[in-house]
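# Understanding the architecture of this molecule
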Amino acid sequence: DGGITQSPKYLFRKEGQNVTLSCEQNLNHDAMYWYRQDPGQGLRLIYYSQIVNDFQKGDIAEGYSVSREKKESFPLTVTSAQKNPTAFYLCASSLDAGGPYNEQFFGPGTRLTVL
Amino acid sequence: AQSVSQHNHHVILSEAASLELGCNYSYGGTVNLFWYVQYPGQHLQLLLKYFSGDPLVKGIKGFEAEFIKSKFSFNLRKPSVQWSDTAEYFCAVNGYNFNKFYFGSGTKLNVKP
C-alpha cells in the first residue's frame, strides 16, 4: 500500500527542546516537502528536497532543519530557535520537483504542541 | 515570488446550493493547477488537477474547475453541494520553471443540512 507516513500523530514538547518529526514515503518519489499549516494561512513551505543529500529552504525555514540521507525519508527537526512552533506539520512528496505532470501527495500530518 | 489568492475565506451554503470558489495565481508561464480538499480530521487529498488540454477539468465527488489562462484563474465549482462537502479547500500551482508548489490560504466551506 503506497503512501506517505508521518509519525507521531500528536507531539508535545517543552519549550527549549528540539524535536524531530518523521516522514517516510514508499512512492519512489524524488522530491519531498515540509509544510506548516496554521489557521487562515494555508500551507507555508518550510524546506524541500529535490534529490537525496540536497535540500533548499522554503519561505519559513528559520528555526527548522532537515536531512535527506535516503530517498524515502525526510525528517524535520523543530529547534528551540523556532519562536512559534505549535502548528500542524504536513509532509508531501512528488515524482520530481518541477516540470509537467507533477502532483503532490500528502501525509496525515503531525500536530506539534509546545507546552 | 509566485502567489495564489483565494478570495473567499469562509463560505456558508445550504444543501443543494451551487458552489464557486475563486482561485487566482500570479505566474505567467506554463503551470500545473490543483485543488485539494481537507475534510475535518483528515489529511489533504487531491480533488482535481489541470496539466494541459481541456481547460474544464472534472474531479471527484462532482467537482469541476475551469482554467482561464487570460484571467490567471482556476475556479472550483459544484452545481449542488452536500453536507458531506463541508471541508477546507486549497488551490495550488506548480510551474515548469520553479520547483515549488504554491498554495492559497484556503477556503472553509460549511454546508448546512
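Quick summary incoming for the structure in this document.

### Regarding the interface of chain B and chain A
Taken together, the contacts link 22 residues of chain B with 25 residues of chain A. Both sides of the chain B and chain A interface together cover about 1,900 Å² of buried area, and 55% of this is carbon and sulfur. Taken as a group, N99(B), K100(B) and F101(B) account for 30% of the area that chain B buries against chain A, more than any other trio of residues on that side. Counting every contact that joins chain B to chain A gives two salt bridges. For the interface between chain B and chain A, the tally reads four residue pairs in polar contact (both at pLDDT 80 or more). For the side of chain B that touches chain A, the per-class residue count stands at ten nonpolar, nine polar and three charged.

### Some words on the pattern of salt bridges
Taken as a whole, this structure holds nine salt bridges over all chains when the rule is applied. D38(A) is the salt-bridge partner of R44(A), the closest N and O atoms lying 2.8 Å from each other. The partly exposed category is assigned to R44(A), whose relative accessible area is 25%. A relative accessible area of 11% means that D38(A) is categorised as buried. Residue E64(B) pairs with K58(B) through a salt bridge whose shortest N-O separation is 2.9 Å.

### Observations regarding the state of the cysteines
Per the stated rule, a full pass over the model turns up two disulfides over all chains. The partner cysteine of C23(A) in its disulfide is C91(A), sulfur to sulfur 1.8 Å. On the sign convention where negative is left-handed, the bridge of C23(A) and C91(A), at about -70° about the S-S bond, is left-handed. Here C23(A), found in strand 3 (residues 19-25), pairs with C91(A), found in strand 9 (residues 87-94); they are 68 residues apart in sequence, far enough to count as distant. Side by side, C23(A) and C91(A) carry an identical accessibility label, which is buried. One disulfide bridge connects C23(B) with C91(B), the sulfur atoms lying 1.9 Å from each other. Judged by the sign of its S-S torsion, about -65°, the cystine formed by C23(B) and C91(B) is left-handed.

### Overview of the nonpolar core
Counting residues in each nonpolar core, the largest one holds 30 residues, and the members touching the most others are W35(B), L48(B), L76(B) and Y89(B). Of all the elements in the fold, those that place two or more residues in this core are strand 2 (10-14), strand 3 (19-21), strand 5 (31-38), strand 6 (45-50), strand 8 (64-68), strand 9 (73-78), strand 10 (87-95) and strand 12 (107-112) of chain B. By size, the runner-up hydrophobic cluster in this structure holds 19 residues, among which are V19(A), M32(A), V78(A) and Y89(A).

Rules and cut-offs
Residues numbered from 1 in each chain as written. Chains lettered and ligands numbered in written order. Predicted model: local features only at pLDDT ≥ 70, side-chain atom pairs only at ≥ 80, totals over all residues. Heavy atoms only, no water. Contact = heavy atoms within 4.5 Å. Buried area = accessible area lost by both parts, 1.4 Å probe. Salt bridge = Lys/Arg side-chain N within 4 Å of Asp/Glu carboxyl O. Polar contact = N/O pair within 3.5 Å; in protein donor to acceptor, adjacent residues only side chain to side chain. Nonpolar A, V, L, I, M, F, W, Y, C, P; charged D, E, K, R; others polar. Buried < 20%, exposed > 50% of the residue type's maximum accessible area, 1.4 Å probe, protein only. Disulfide = S-S within 2.5 Å. Helix = DSSP H or I, 4+ residues; strand = E, 2+ residues; numbered from the N terminus. Core = buried A, V, L, I, M, F, W, Y, C linked by side-chain atoms within 4.5 Å.

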